[in-house]
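Read off the chains here:
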Amino acid sequence: MTAGTASWLPLSAGERSVAIEVLVHGPLSRTELARRLDLSPGSLTRLTKPLIESGLLIEAPEAGSQAEARQGRPSQPLDVVAESRFFIGFKITEDMVYGVVTTLRSDIVARHDRPLTTHDPARVVDLLAEMTDELAREHPRLAGIGIGVGGLVQDRSVVGESAFLNWHEIPLAALVKERTGLPVVVENDVAALVEAETWFGAGRDLDRFVVLTIGAGIGYGLVLSGTRVPYAEEDRGFGRHWIINPNGPLTPEGERGSAVSLLTIPNIRYQVRAATGRDHTYEEILALAAAGELMPAQVIDEAARALGVLVAQIANFVLPQKILLAGEGVGLMDVAGKVVEDTVRANRHPLAAPVGLETKVSDFHDWARGAAVLAIQVLVLGPVAA
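Residues numbered from 1 in each chain as written. Predicted model: local features only at pLDDT ≥ 70, side-chain atom pairs only at ≥ 80, totals over all residues. Heavy atoms only, no water.

*Asks:* Quick rundown of the environment of D120? Include the residues and the values.
*Replies:* Here D120 shows up in the loop between β5 (108–115) and α5 (121–138). For D120, a relative accessible area of 37% corresponds to the partly exposed category. When the C-alpha positions of D120 and N166 are compared, they lie 9.0 Å apart, and in sequence the two are 46 residues distant. (Helix = DSSP H or I, 4+ residues; strand = E, 2+ residues; numbered from the N terminus. Buried < 20%, exposed > 50% of the residue type's maximum accessible area, 1.4 Å probe, protein only.)

*Asks:* Describe in detail helix α13 (residues 364–381), supporting the description with residues and values.
*Replies:* A turn of α-helix holds 3.6 residues, and therefore any two residues three or four places apart point the same way. Taking 1.5 Å as the rise per residue, α13 with 18 residues should run 26 Å; its terminal C-alpha atoms sit 26 Å apart, in good agreement. Burial of α13 is extensive: 17 of the 18 residues sit out of reach of the surface. Measuring from the backbone nitrogen of H365 back to the side-chain oxygen at the start of α13 gives 2.9 Å, which picks out D363 as the cap. Positioned one or two residues after α13, G382 has a phi angle of 65°, which is positive. (Expected span 1.5 Å × (residues − 1). Polar contact = N/O pair within 3.5 Å; in protein donor to acceptor, adjacent residues only side chain to side chain.)

*Asks:* Which residues make up the packing of helix α9 (residues 265–276) against helix α11 (residues 294–318), and what are the values?
*Replies:* It is at 9 Å that the axes of α9 and α11 come closest, and there the two elements cross at 150°. Once α9 is placed against α11, the crossing between them reads as right-handed. Contact residues: I268, Q271, V272, A275 and T276 in α9; M295, P296, V299, I300, E302 and A303 in α11. Looking at side-chain class alone, the contact of α9 with α11 contains eight nonpolar, two polar and one charged residues. (Axes fitted to C-alpha atoms, helices over the stretch in contact; angles between N-to-C directions. Left-handed = near helix turned anticlockwise from the far one by under 90°. Contact = heavy atoms within 4.5 Å. Nonpolar A, V, L, I, M, F, W, Y, C, P; charged D, E, K, R; others polar.)

*Asks:* I'd like to hear about the packing of helix α1 (residues 13–25) against helix α3 (residues 41–54), residue by residue, with values.
*Replies:* In contact at an axis separation of 9 Å, α1 and α3 are set at 75° when each is read in the N-to-C sense. Looking at the two axes, α1 sits roughly perpendicular to α3. Here G14, E15, V18 and A19 of α1 come into contact with α3, specifically with L44, L47, T48, P50 and L51. Residues of the contact of α1 with α3, tallied by class, amount to six nonpolar, two polar and one charged. (Parallel < 35°, antiparallel > 145°, perpendicular 65-115°, else oblique.)

Next up, the structure:
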């Protein structure tokens, strides 16, 4: 299956800046766009002309701002047609593949999930190709595929290592592209989520921004000057050696009292099971803690204090304008949010500015959307993001 792709590339650095500004913030009048990018009217005209001719940007039918109209300079705002192209995002977990279709502005217009019954790479590629075919029937103008995987990803194409899939050096992008005929980009799932939040979410327009995820593991992403900072240790156990309480619990995963031991869902379940002899889901543990049952309440309280220390330490060192807390474990904030907030304050200078902590209730489709944003970036940025 091959879908039509756009001939919008390659773009110069200036053209990319214009395209991104309109994509993320449009529609924008030429006056506003020139102001944002510090461009002269002539330079802006030169940069926008090929973008309009290629179809990436359009002149919206609405009139310009009232100020421009009063001065006798009506202006057609520049915008993108969000539905001109669609993008697929896949999030691969241990037992499921979550799929979404998004517009050019990352709005989800379709969801499609399938069980993952094998980790054999060839079979997984078969499944991704089948899901792409099914999604393409309803959304034929597909321009790219993004795939998020928990693991170490090299060059946005090769899964170098993924413990839960038991994959090593799998050229996933090339394999899926061969089956679908579409451009494919692969990235660590947390990195993909950070990119999505930077372009279209909580981190838009922020110079210093952090994403912290809690769930099956601990994820961390740092954005400086509007750009995600990659690092060699990505998904090689962030939090496993970040010791929050040296006298804390010893769990199967993570060092004693580490962020992983205290905060991840598997280890919270392990602690409650070890203390009570009963196995509970994470949601059940939160409910029991909220109801005041002793051991679940103690475990959740300790997890909340650990999260508060972690947030405070990040704030102290990185000085972010905002920290976004996401992942399937954020229900902790509903039960013990005050403990988290009190602990953050206790571990910050009394005169320090309050931490801008935002909680995002998300599911795996949000992670899949993050992967779709990778494909959007590749379309707009070309080899710069690939």
